[in-house]
Structure formats: C-alpha cells, structure tokens
Amino acid sequence: MEGHGYATVTPVADPTLTGRTFLDMDTAYINRAMNLFPQQGSHGPWTVDQNYALDRARWRTDPVEDPALQFTATQAG
C-alpha cells in the first residue's frame, strides 16, 4: 500500500449482498453460539470457503484492486 501512496483500505459491501451464517454446521453447541460468529456474504469476495485449496487459489489469482475495496491516499503533512 505504501508503494502506491495508500494509508487505508476499507471494504465496501455490495448492495445485492445478503448475509449467511459463517459455518455450515448443524451442531447444537455451534448453533447456540451462532449469533456470536461473524457473518459471510452470499457471493465473493465476501465468502469463506473453509477450504485451504480454494482460499489459496483465490489469494494467488484474484486482484488486490477490487470494487469491494476503497483505497484512501496518505495525506501530506
């Protein structure tokens, strides 16, 4: 980020995005605490695959510049 003069990056949610549970498990102790878990989105890049191979492929091929990310430049001072 410094190389491009950015100070911060903020995720911007797509208005068509709907929330999904973080884990797809039907276990009583997980279900009781599901409200404490973060949510994931209905489509990428807001999904969590819970699969190392898929995550690694996404990290290696998907661009860093994405409409879902808003980069802010550093302020001179």
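In the block above lies the structure referred to throughout.
Residues numbered from 1 in each chain as written. Predicted model: local features only at pLDDT ≥ 70, side-chain atom pairs only at ≥ 80, totals over all residues. Heavy atoms only, no water.

K.L.:
Sorry, what's going on with the overall build of the protein chain here?
P.N.:
A count of helical and extended segments in the protein chain gives two helices and four strands. The N-to-C order of helical and strand elements in the protein chain reads β-β-α-β-α-β. Computed over the C-alpha atoms, the radius of gyration of the protein chain is 16 Å, more than 25% above the 11 Å expected from 2.2 N^0.38 for a compact globule of 77 residues. Counting only carbon and sulfur atoms, one obtains 56% of the accessible surface of the protein chain, whose full area is about 6,300 Å². Here the protein chain carries 5 positive and 9 negative side-chain charges, and the mean point of each set is 8 Å from the other. (Helix = DSSP H or I, 4+ residues; strand = E, 2+ residues; numbered from the N terminus. Rg over C-alpha atoms; globule rule 2.2 N^0.38 Å. Areas by Shrake-Rupley, 256 points an atom, 1.4 Å probe, with all protein chains shown as cover. Lys, Arg positive; Asp, Glu negative; His and termini not counted. Charge placed at Lys NZ, Arg CZ, Asp CG, Glu CD.)

K.L.:
Please clarify how the side chain of Thr-47 should be interpreted in this entry.
P.N.:
Note that Thr-47 resides in the loop between strand S3 (40–41) and helix H2 (52–61). Using a relative accessible area of 14% as the deciding quantity, one classes Thr-47 as buried. Within the structure, the side chain of Thr-47 is placed 2.8 Å from the side chain of Arg-58, a separation counted as a polar contact. Apart from the residues lying within four places of it in its own chain, the contact partners of Thr-47 are Arg-20, Gln-40, Gly-41, Ser-42 and Arg-58. (Buried < 20%, exposed > 50% of the residue type's maximum accessible area, 1.4 Å probe, protein only. Polar contact = N/O pair within 3.5 Å; in protein donor to acceptor, adjacent residues only side chain to side chain. Contact = heavy atoms within 4.5 Å.)

K.L.:
Before we go on, may I ask you to explain the environment of Met-1 in this structure?
P.N.:
Checked against the element boundaries, Met-1 lands in the segment before strand S1 (6–11). Given a relative accessible area of 44%, Met-1 falls into the partly exposed group. Between the alpha carbons of Met-1 and Pro-63 there is a distance of 14 Å; along the sequence they are 62 residues apart. With residues up to four places along the chain from it excluded, the contact list for Met-1 reads Tyr-6, Ala-7, Thr-8, Val-9 and Phe-71.

Such coordinate-based values are descriptive only and should not be taken to indicate function.
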